[in-house]
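Residue strings, one per chain:
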Amino acid sequence: MAKFSTNTKTDVLIHLGIILSVLLILFFGFFFVYLPWSTNHGEAILVPELKGLTLAEAKEALDDADLDYEVSDSQFVAGLKPLSIISNYPKSGAYVKSNRKIFLTVAAVSAPLVKLPNIIGRSSLSAQNQLLSSGLQFGGEEKVPALEENTILKVKLGNRELMPGDEIPKGSKIIFVVGDGYADQKIDVPNVVGMEQDEADILLTGLGLTVGQIITEPSSAPAGSVIRQRPASGSDNKIRIGAPVDLWVSAGGGPIEE
């Protein structure tokens, strides 16, 4: 009876092994043979690069790849061509099945309107940050005579003056009109002829003026000295604070005067 029992256990183990082997074959066959075959795994298609293409170009690229598409969203992005592709899902570089629909986000045709924030009286730097938070862009500065240096006196879109609360397209470039800090104060034009250029620069800057063009030309005067200025000096000549003074500087090498 002991011998009969041993053979029975062996047969059971053999049968269990056969059953497990069959189950493993079925398991691996389903996941690694049938499932890839049924889902066209071997026919996976690479989603092409679409970002920046126009909608017509993206459609052509997807048609060539045997893929479908749908515009799922539109967003306004300053500087982007209307209807150009911003993003897509599944992303470019992913593998998908043939005829898979690719969802596109495109640039809006027109910009939404936003309200111009009240930045009159603010400093230029502070106003720039406020513009960005409102979806607008800084378009540069125009300085005008005013004591309020770097303070915004008014704002413009192109040549049109704007008022706080005006509705304008998102992404518009706003020009700041700011004071130069000098207003219309005028002083006598100083005489810097005969000075070294460095000395003339210091004198002009100290008086609130700026150095304009520097023209170098041969002269019998010592090299580096100012031989002419514009505007000319004189008690009858007035110049607005902040205005430039052009200087002619000797290069030396001119004829020696006797």
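Residues numbered from 1 in each chain as written. Predicted model: local features only at pLDDT ≥ 70, side-chain atom pairs only at ≥ 80, totals over all residues. Heavy atoms only, no water.

Novice: Before we move on, could you go through the overall build of the protein chain and cite the residues and values that matter?
Specialist: Helix and strand counts for the protein chain stand at four helices and 16 strands. Taken over 258 residues, the protein chain has a buried fraction of 26%. Taking the contacts inside the protein chain whose residues are at least 6 apart along the sequence as the reference set, 70% of them involve residues at least 24 apart. (Helix = DSSP H or I, 4+ residues; strand = E, 2+ residues; numbered from the N terminus. Buried < 20%, exposed > 50% of the residue type's maximum accessible area, 1.4 Å probe, protein only. Contact = heavy atoms within 4.5 Å.)

Novice: Please set out the environment of G52 residue by residue, giving values where relevant.
Specialist: One can find G52 in the loop between β1 (45-46) and α2 (55-64). With 31 residues separating them in the primary sequence, G52 and L83 have C-alpha atoms 9.4 Å apart. Excluding residues that lie within four positions of it along the chain, G52 makes contacts with S84 and I85.

Novice: Let's hear about the sheet that holds strand β16 (residues 244-250): which residues, and what values?
Specialist: Taken in spatial order, the three strands of this open sheet run β13-β16-β14, and their pairing is mixed. The sheet is open, and its two borders are formed by β13 (210-217) and β14 (226-230), each paired with just one other strand. The average undirected angle you get between the axes of adjacent strands in this sheet is 25°. Two elements, β13 and β16, share six bridges in a ladder whose sense is parallel. Looking at β16, one finds that T210 is bridged to P244. Along the sheet, helix α4 (residues 197-206) makes contact with β13, β14 and β16, crossing β16 at roughly 170°. (Pairing = 2+ DSSP bridges. Axes fitted to C-alpha atoms, helices over the stretch in contact; angles between N-to-C directions.)

Novice: With reference to specific residues and values, describe the nonpolar core.
Specialist: Formed by 13 residues in total, the largest nonpolar core has its most connected members in L116, V155, I174 and F176. Counting only elements with at least two residues in this core, the list comes to α3 (124-133), β8 (152-157) and β11 (173-179). Broken down by element, the residue count for this core peaks at three residues, all from β11. With sequence-adjacent residues up to four places away left out, I174 is seen in contact with L116, L131, L136, Q137, F138, G139, G140, V155, K156, L157, L162 and I168. (Core = buried A, V, L, I, M, F, W, Y, C linked by side-chain atoms within 4.5 Å.)

Novice: Residue-level account of unusual backbone geometry, with values.
Specialist: Going from Y89 to P90, the amide bond is cis rather than trans, its omega being -5°. Structurally, P90 can be placed in the loop between β3 (85-89) and β4 (95-96). With omega at 5°, the peptide bond leading from R230 into P231 counts as cis. With respect to the secondary-structure elements, P231 resides in the loop between β14 and β15 (234-240).

Novice: I'd like to hear about the sheet that holds strand β7 (residues 137-149), residue by residue, with values.
Specialist: Strand order in the open sheet made by the four strands is β7-β11-β8-β9, with mixed pairing throughout. Every interior strand has two partners, whereas the edge strands, β7 and β9 (160-162), have only one. Going from strand to strand, the sheet's axes swing by 30° on average, the running direction of each strand aside. Alignment of β8 against β9, held across three bridges, turns out to be antiparallel. Residue pairing across strands places K156 opposite E161, the latter belonging to β9.

Novice: Mind laying out the pattern of salt bridges, listing which residues take part and the relevant values?
Specialist: For the structure shown, the criterion picks out six salt bridges. A salt bridge links E70 to K101, with the nearest nitrogen and oxygen atoms 3.3 Å apart. Remark: K101 occurs in strand β5 (residues 101-107) and E70 occurs in strand β2 (residues 68-75); sequence separation between them is 31 residues. Overall, E70 belongs to the partly exposed group, its relative accessible area being 33%. By relative accessible area, K101 is classed as partly exposed at 31%. (Salt bridge = Lys/Arg side-chain N within 4 Å of Asp/Glu carboxyl O.)

Novice: Let's hear about the side chain of S124: which residues, and what values?
Specialist: As for its placement among the helices and strands, S124 is situated in helix α3. Of the polar contacts made by the side chain of S124, one reaches the side chain of E141; its length is 2.5 Å. Excluding anything up to four places from it in sequence, S124 contacts F138, E141, N150, I152 and F176. (Polar contact = N/O pair within 3.5 Å; in protein donor to acceptor, adjacent residues only side chain to side chain.)

Novice: Give me the lowdown on the packing of aromatic side chains, citing residues and values where you can.
Specialist: By the definition in use, this model includes one aromatic pair. Look at F138 and F176: their rings are 4.9 Å apart centre to centre, the planes differ by 50°, and that puts the pair in the tilted class. Of this pair, F138 sits in strand β7 while F176 sits in strand β11, and the two are 38 residues apart along the sequence. F138 sits in the partly exposed class, given a relative accessible area of 33%. Residue class for F176 comes out buried when judged on its relative accessible area of 0%. The side chain of R228 reaches across the aromatic face of W248, ending 4.0 Å from its centre. (Phe/Tyr/Trp six-rings, centres within 6.5 Å; stacked < 30°, edge-to-face > 60°. Lys NZ or Arg CZ within 6 Å of the ring centre and 35° of its normal.)

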